[in-house]
Amino acid sequence: MTPVTIEQKRKEAVAILLKDMETTAAKMRTLIVGMPPQDLLGYVYAQRIMKMMAGDSVTSVESDSDNPDNTINEIQFLLEYVHAVLASDTAPAKVEFGEVQCTELFALSRKLREQAMFFAMASSVDTENEDFGPDTADIEFHAKSTWVLLRGNRYQVLEGEFYHYVLAPHDDVLKEVYGVDSTEIAEGFQDMANATRSGHANAIEEMMKQFEALQGFAAAQKKPLEDVMETWVAANTDQSKAAGLAMDDMLRGGIANVSRHTKLPPKLLADLAYQRGEETEFFAEGDFTGTPYRTLPARKKPLIQLESDYYAVDPCFTRDAGYRALLFNLLLRKPAYKKAFEDRQKIMSEGAFPDILTDQLPRATIYQEVYYKDPVTKQWSENDTLVLIDDVLFLVEAKAGAAATIASPALDFKRHTQSVQDLVLKAYRQCERFFNYLNSADEVPLYHRVVSKYEECGRVRRSDYRVMVPIGLTVESFSPFSSFCKELSQVEPLLGKHGFVSMSIDDLFVLKRILPTPGVFAHYMEVRQAVACMKHAYLFDEFDHLGAYITKNRFDQDIADQFKNGEANLVVWNGMSGVVDKSFVGENWEANPIPTQEFPDEVLKLLGALDTTRAPGWLLAESLIRNYGKQVRKDFAKLLSDLSETIEQHSARYFAFAGEGQPLFVWLQSAKHNIEWEKINEKASAAALCTKSPDIVGVMVEVSTGGGYDKAIHFKVHLPSERTEENAHIFDDAKRMSQRSRTVNSSLSADTSAPKYSRKTGRNEPCPCGSGIKYKKCHGR
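Residues numbered from 1 in each chain as written. Predicted model: local features only at pLDDT ≥ 70, side-chain atom pairs only at ≥ 80, totals over all residues. Heavy atoms only, no water.

Along the protein chain, the regular secondary structure elements total 28 helices and 17 strands. Expressed as a percentage of contacts within the protein chain between residues at least 6 apart in sequence, the contacts between residues at least 24 apart total 73%. Total accessible area on the protein chain is roughly 35,400 Å²; 51% of this is exposed by carbon and sulfur atoms. (Helix = DSSP H or I, 4+ residues; strand = E, 2+ residues; numbered from the N terminus. Contact = heavy atoms within 4.5 Å. Areas by Shrake-Rupley, 256 points an atom, 1.4 Å probe, with all protein chains shown as cover.)

Turning our eyes to something else, we now look at the side chain of Asp611. Tracing the backbone through its elements, the reader meets Asp611 in helix H24 (residues 601–613). If we skip the residues at most four places from it in the chain, Asp611 touches Thr517, Pro518, Trp618 and Glu622.

Residue position: Ser198 is located in helix H9 (residues 182–221). The spacing of Ser198 and Ile49 is 149 residues in sequence and 9.7 Å in space, taken between C-alpha atoms.

On to the sheet that holds strand S2 (residues 303–306). Strand order in this open sheet of three strands is S1-S2-S3, and the pairing throughout is mixed. In this open sheet, the two strands that pair with only one neighbour each are strand S1 (273–274) and strand S3 (309–311). (Pairing = 2+ DSSP bridges.)

At Lys222, a position not held by glycine, the phi torsion is positive, near 60 degrees. Relative accessible area serves as the criterion here: at 77%, Lys222 is assigned to the exposed category. Its identity is not glycine, yet Glu307 carries a phi of approximately 60 degrees, on the positive side. Structurally, Glu307 is set in the loop between S2 and S3. (Buried < 20%, exposed > 50% of the residue type's maximum accessible area, 1.4 Å probe, protein only.)

Along the polypeptide, Tyr45 turns up in helix H2 (residues 37–58). In this structure, the C-alpha to C-alpha distance between Tyr45 and Ile255, residues 210 residues apart in sequence, is 8.7 Å. If we skip the residues at most four places from it in the chain, Tyr45 touches Leu79, Thr196, His200, Ile255, Ala256, Ala312, Val313 and Pro315.

This part is about the packing of aromatic side chains. Overall, the coordinates contain 36 aromatic pairs when judged by the stated rule. Aromatic pair Tyr81 and Phe282: ring centres 5.7 Å apart, planes at 70 degrees, arrangement edge-to-face. Linking Tyr81 in helix H4 (residues 70–88) with Phe282 in the loop between S1 and S2, this pair joins segments that are 201 residues apart in sequence. Of the two residues, Tyr81 and Phe282, both sit in the buried class. (Phe/Tyr/Trp six-rings, centres within 6.5 Å; stacked < 30°, edge-to-face > 60°.)

Position of Ser693 among the secondary structure elements: in the loop between helix H27 (677–691) and strand S15 (697–703). Engagement of the side chain of Ser693 in a polar contact is seen with the side chain of Thr691, the distance being 3.0 Å. Every residue in contact with Ser693, bar those within four places of it in the chain, is listed here: Pro663, Ala688 and Leu719. (Polar contact = N/O pair within 3.5 Å; in protein donor to acceptor, adjacent residues only side chain to side chain.)

Let us now look at the pairing of strand S4 (residues 365–373). With eight bridges joining them, S4 and strand S5 (residues 380–389) adopt antiparallel strand pairing. The partner of Tyr367 across the bridge, within S5, is Leu386. Linking S4 back to S5 in an antiparallel pair, the connection comprises six residues, with Lys378 at a positive phi of about 65 degrees.

Okay, the packing of H24 against helix H25 (residues 618–626) next. Angle between the axes and distance between the axes are the two parameters that describe a pair of packed helices. Between H24 and H25, the shortest axis-to-axis distance is 9 Å and the interhelical angle comes to 160 degrees. In terms of orientation, H24 and H25 fall into the roughly antiparallel class. Crossing of H24 over H25 shows left-handed handedness. Contact with H24, carried on its side by Val603, Leu606, Leu607, Leu610 and Asp611, involves Trp618, Ala621, Glu622, Ile625 and Arg626 of H25 and no other residues of that element. Its residues assigned to classes, the contact of H24 with H25 shows seven nonpolar, no polar and three charged. (Axes fitted to C-alpha atoms, helices over the stretch in contact; angles between N-to-C directions. Parallel < 35°, antiparallel > 145°, perpendicular 65-115°, else oblique. Left-handed = near helix turned anticlockwise from the far one by under 90°. Nonpolar A, V, L, I, M, F, W, Y, C, P; charged D, E, K, R; others polar.)

Proximity of charged atoms lets side chains of opposite charge pair with each other. All told, the structure shown has 36 salt bridges when counted by the stated rule. Taking the shortest distance from any N to any O, the salt bridge between Lys605 and Glu602 comes out at 3.2 Å. Pair noted here: Lys605 and Glu602 are both in helix H24, with a separation of three residues, about one helical turn. Given a relative accessible area of 29%, Lys605 falls into the partly exposed group. Linked through salt bridges whose partners overlap, the residues forming this network are Asp39, Asp248, Asp249, Arg252 and Arg260. (Salt bridge = Lys/Arg side-chain N within 4 Å of Asp/Glu carboxyl O.)

The subject of this paragraph is the nonpolar core. General note: in soluble globular proteins, nonpolar side chains tend to be found buried as a group. Of all hydrophobic cores here, the largest spans 115 residues; its most connected members are Phe353, Phe394, Leu606 and Phe636. Among the elements that take part in this core, helix H20 (residues 518–532) stands out by supplying eight residues, more than any other. Non-local contacts of Phe353, meaning those with residues more than four positions away in its chain, are made with Leu361, Val387, Phe394, Val396, Ile471, Leu473, Leu508 and Phe521. In terms of nonpolar packing, the next biggest core, distinct from the first, is built from 50 residues, Met35, Phe77, Ala116 and Ala321 among them. (Core = buried A, V, L, I, M, F, W, Y, C linked by side-chain atoms within 4.5 Å.)

Quick look at helix H8 (residues 171–178) now. Taken together, the buried positions of H8 are occupied by Val173, Leu174, Val177 and Tyr178. Within H8, the buried residues cover an arc of 100 degrees as seen down the axis, which keeps them to one side. Gly179 lies just past H8 and shows a positive phi near 85 degrees. (Arc of directions from axis to C-beta.)

Here Glu598 is to be found in the loop between helix H23 (578–581) and H24. Here Glu598 falls in the exposed class, since its relative accessible area comes to 64%. Sequence spacing of Glu598 and Thr551 is 47 residues, and the spatial spacing of their C-alpha atoms is 9.2 Å. Those residues in contact with Glu598 that sit more than four places away from it in its chain are Lys630 and Arg633.

What follows deals with the confidence of the model for the protein chain. For the protein chain, the mean per-residue pLDDT works out to 86, and 86% of the residues sit at or above 70. Low pLDDT, under 50, characterises residues 56–68; the stretch is placed with six contacts to residues that sit more than four places away or in other chains. Within the model, pLDDT remains below 50 along residues 742–746, and this stretch shows four contacts once partners closer than five positions in the same chain are excluded. (pLDDT = per-residue confidence, 0-100.)

Listed below in structure tokens is the structure:
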């Protein structure tokens, strides 16, 4: 008898788990279809609200992100099944609500969720797919588990903003087909989200309001409440109707009734909704029948029609499913619009990055639909969007595709990953081709296509850009694969060091709020790109990356430390988005403080001056300062504060700061005196010699009488290669600095006497900062 192998035992266990899931799902289906849907929804939503309230009362801010209330996710999972059953089964003639059945349903839902998790683990171990190399099993597990467990990793308060932006290109056709434009549709989806978020609270408030009115009426009549109830209702029909609707919201799932809570037209709602029994695939015979590894109907159409009204049973798939269903049905109703639709979608998605991030990309040079002749193939190639700001380059390739969010990873993991790869790799290869072109010469021309001709529109030099970020941008999020795709063997840092970053339009709206200035956004993208270069380092989505940046700053270095000396071969950071999540919570969420890293006030003043002045190289200076850790920021702030306080007694002060790596030379200049660039450059060169730093960064800060920083200008520091008669005084100065710095920790500082009169630099002369650019185009602006 042939012995049973471990692999065979695992396959048998997987088969048993699958059958167990199917059995549990069938029991849930029977319970759900046998109860009145509105009463069942009311019960489930009431449990959801009670759990949320309980969590608010017992969970601290600190522990919330570390220990999320799993019960809320369980209820969300159940709501998806309620939607699936209602979409799959016609309404039976007889239904009966029972709390015992509800209790059993909750238990079965938890059981199915656990079974699905065990199945994800067991079925991924022996995967035959090798798309992600040796990490494929881990990634397949993450894909399956998040397909089942993760819901609503979006910020509902931003629903309207998203819908307005992505639907605006189609306003005229939306108006023609549905009678409403993108603004009205966006308001409807935001109202839908708001009803879920605050509907119960509003209903309770309305009930209290009417009860107080009834009490007042009874007191005026000097009668008990029960004696005046009918009279009050007859005399206050509007108020009694409002009370009835509030009761419906509280007890019968009324908060999910989008017909009542939005102004969206029935025609549009019908296109987003299932009728009872319309769905035929979810519970169809075959493997995975009724299990969460089939595509939930809510992923295809988020609403369900109950009697004459439409309900958003599941609040978390509304964003993507609603968007897809709306555009799909728009084209069904107007097939002739397909070509114009595709053209408008292309323009919207390709322009989204610089359009949404306008504040983060001030005065940026933007090229859209840029062409160039590939030096290898000799064929014309095209890229979507090139953004150049200071010494940072963003290349954005926009792609669209929904298969990654609809195709189940359990039914066909290879197909699921292939749909993602189609999105990622196409964008990656286009970026790779452009970076290779950029690297093919000192300077390369760019072209626009005008009719059938190519006309030069600009030139780019790779050497001008310290940071170059290739980005694949999708309309819809497809986490976690957007993070995991760096594990694909085809995806390597471009030119050996520029990591490819995948993100969605959804992400941009959050980044816009949390990273409001060009400096902090550019620095985040530097760190984000560093993590994108790290194989086997996993964060779930963009918001986890953002949360890690806010709480840890250079979290790429923390991850690198975890890999150091072979102590770990896989690093997973979970739950890092908590600090971001909290800023979108509550009725007055817009008044919530934006989560930020901590900086001493003096450092914030300098960063603000750099941002206000925005002289060439300002992003480099900001990046260097933002790299500092907590203690180094304090040390830096103290030097700034101590020297700026004495600026009234001196024309200028300066210091060289070692920080945590690349040194920084800071010249504090009294606004009362003329700037002597020759002296600044010589002192900076001496500091470079003293610190033996060829890459030292210079910043000149103009200090006002009150101690404010009026300007902050980056300048290049020249390191003399050898001593000559002309620069001997610089070498002598460096020697004096070296002797002096031995008593000043990791920095050197000094004051200067009042300067003599210096000739004003002509606007067409080379800028005295040493950039080689004309003064009028550099620091003379």
